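Structural features, examined
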Number of protein chains: 2
Amino acid sequence: MGPERREREEKVLLAHGSGGKAMHSFIREMLAPLMSIEDFNDSAPIPFMEDSGAPAERLVFTTDSYVVSPLFFPGGDIGSLSVNGTINDLSMAGASALCLSLGLIIEEGFPVDSLLRILGSVKEAAEAAGVRIVTGDTKVVERGKGDGLFINTSGVGAVRKGLALSPRNVVPGDAVILSGTIGNHGVAVMAERNGFTFDPPVLSDTAALNGLVDAMLSHTGDIHAMRDPTRGGLATTLKEIAVESGTCIEIDETEIPVSGSVRGACELLGLDPLHVANEGVLVAFVDESVAKSLLERMKEDPLGRDSAVIGRVKERPEGTVVLKTAIGGRRIVDMLHGEQLPRIC
Amino acid sequence: MGPERREREEKVLLAHGSGGKAMHSFIREMLAPLMSIEDFNDSAPIPFMEDSGAPAERLVFTTDSYVVSPLFFPGGDIGSLSVNGTINDLSMAGASALCLSLGLIIEEGFPVDSLLRILGSVKEAAEAAGVRIVTGDTKVVERGKGDGLFINTSGVGAVRKGLALSPRNVVPGDAVILSGTIGNHGVAVMAERNGFTFDPPVLSDTAALNGLVDAMLSHTGDIHAMRDPTRGGLATTLKEIAVESGTCIEIDETEIPVSGSVRGACELLGLDPLHVANEGVLVAFVDESVAKSLLERMKEDPLGRDSAVIGRVKERPEGTVVLKTAIGGRRIVDMLHGEQLPRIC
């Protein structure tokens, strides 16, 4: 095996994105096993008619590009993140993910073994969530014109009949339920980036929430809105919903689950856990009457075992988030400002 | 206005991708006018039920990332390219594009005026094609970790009832129709990249083919397959179809429309027009009996006025493309090898 052949196998080449022979064999060898596709047309059927028997009432569409740095971090990598993140965007609309697309932008010279590891992670995450990747695309840019790998995943989902989750449905009196501890993803990535390790290690919470959401929606029709607090953290998500619903969201600091490791790491890194990105938790706004039973149901799910009612929706001051602090004070919580955590997802 | 404020307005900052306040105002000011969306949820309804009255028989899904360099070239830019390219992928499946997503990966420091020009171009292309952009995402990477702007567009389309275009339907006897002159996009980009100008200038052919395809499908039910010869050019597309259909595609060099400027530019740049990317032409495989009337119909469309029957499908040798040359010889045409034209789309 000559050196040229070896280079071809170990590093991604510009030719892999050029549309010709090298790309064909690259796709066939590396991507095909990931996808439930039989041929390489540029588009793929959306399997909703066959699967559900009857058309869904509403389909939804979402897209996200992932530029997380570093590509590998405790608890996950850009591959699992890009599958779970897009499934979660669909889940937050009350939609079952039907299929995903996968678009790769690879920097020339990127190690093929890293790519294979990431694609393995894509496959594993998609299988774990029961969602198919049906179409894909690969581009390669020259050395220095990218940063290893960027991934775009887009997704199509089917919304349950009659369901219309929206921040606009949030009303005073609603209970605010958080499905798990916050800050894990952002801290895991920042720690990896800065060369810190914690004992016990802080792992990204990256996970597909579609199973948990299915369980929640099957349990009650009284969920008004859901969202996953990713970039910008819980604070930013709550502020968005307060503004969109014209309400005040009052949360209780002592009720918000944060692990000891994350709390310590945030102090070390100068971060507020409320602003740190999450990739496997959701916040739900639900009619107060169902809060208790829904919470119990959520705790039965592995991804919901740390669920907690963290607050209530009030009327005023409209468009604000108020935090009742552990020492009995109150402070206004705002969105993340500036560039605290670039490239966290 | 202080220098900090000016920097914010003229250059994209990392903060624009961080999920916080800067991103919110950035999206609201710059992206919202593009999109037919009322609020900024992470997913958007696919408007197929409302529009068509009845569900389509089949929905299709496609994705493409665009990394073209330079971002602006004669006849288009990355914005129009990314809209037209994805609409065309849907059209080639016989699908009407229902909606698109738009994912931006911006390099820190990218000039805001360039971004606005490109987003204007996105909007114009989407409006010209009558397709809505319903969901989007913005990420920003540090200086030196990207190359100005990469765009992913994904799209959902509805296939006409009973229609199933596929290379597998191509059979010996089929006529091969090309909808326009080849090589324009690739030559326009390569010329811009190398600082060449031609008189008359060679313009990219970037265009949405959905109108032309609608006209073709309304004219006849005897179209077997269609594809747009993008990366890798006409040669690569024909080779793919020959392999997938197990036929021999015989084309006649003298029938393939190539403009004089493109021919001259290809000689100068050392390119074979058969391998140069196109972004606004299609090749259709049709029953011989309808070729003549379909060709006439195609010529009525502005994007099809240079349409020509360029060849026939034969039985053998299977999986090959044979070119009858202008001087009466025959040569085997293969896919593009290697990295002849990186980052052409």
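What counts as what
- Residues numbered from 1 in each chain as written.
- Chains lettered and ligands numbered in written order.
- Predicted model: local features only at pLDDT ≥ 70, side-chain atom pairs only at ≥ 80, totals over all residues.
- Heavy atoms only, no water.
- Helix = DSSP H or I, 4+ residues; strand = E, 2+ residues; numbered from the N terminus.
- Domains from an automatic or database assignment.
- Contact = heavy atoms within 4.5 Å.
- Buried area = accessible area lost by both parts, 1.4 Å probe.
- Salt bridge = Lys/Arg side-chain N within 4 Å of Asp/Glu carboxyl O.
- Polar contact = N/O pair within 3.5 Å; in protein donor to acceptor, adjacent residues only side chain to side chain.
- Nonpolar A, V, L, I, M, F, W, Y, C, P; charged D, E, K, R; others polar.
- pLDDT = per-residue confidence, 0-100.

Our next topic: unusual backbone geometry. Residue and element names in this part refer to chain A. The omega torsion of the bond from Asp 199 to Pro 200 falls at 0°, within 30 degrees of zero and hence cis. In this structure, Arg 343 takes a positive phi of about 55° despite not being glycine. On the secondary structure map, Arg 343 appears in the segment after β14 (330-333).

Turning our eyes to something else, we now look at the domain arrangement of chain A. Residues and elements named next belong to chain A. The domain architecture assigned to chain A consists of domain 1 (3-43 + 51-160) and domain 2 (167-333). Taken together, the contact between domain 1 and domain 2 spans 22 residues of the former and 22 residues of the latter. Buried surface at the junction of domain 1 and domain 2, both sides included, amounts to about 1,800 Å², of which 56% is carbon and sulfur. Broken down residue by residue, the surface that domain 1 buries against domain 2 is led by Pro 74, Met 92 and Arg 160, which jointly contribute 34%. Between the two partners, domain 1 and domain 2, sit 0 salt bridges. Run the count over domain 1 and domain 2 and you get 9 residue pairs in polar contact (both at pLDDT 80 or more). Listed by contribution, the elements that provide at least two residues to the side of domain 1 that touches domain 2 are β3 (72-73) and α4 (78-92). Top contributing element to the side of domain 1 that touches domain 2 by residue count: α4, with 9 residues. Residue composition of the side of domain 1 that touches domain 2, by class: 10 nonpolar, 10 polar and 2 charged.

All names here are of chain A. With 84% of its residues at a pLDDT of 70 or more, chain A has an overall mean of 88. Low pLDDT (under 50) marks residues 1-8, which in the prediction has 7 contacts with non-local residues, meaning those over four places away or in another chain. Predicted complex metrics record ipTM = 0.89 and pTM = 0.90.

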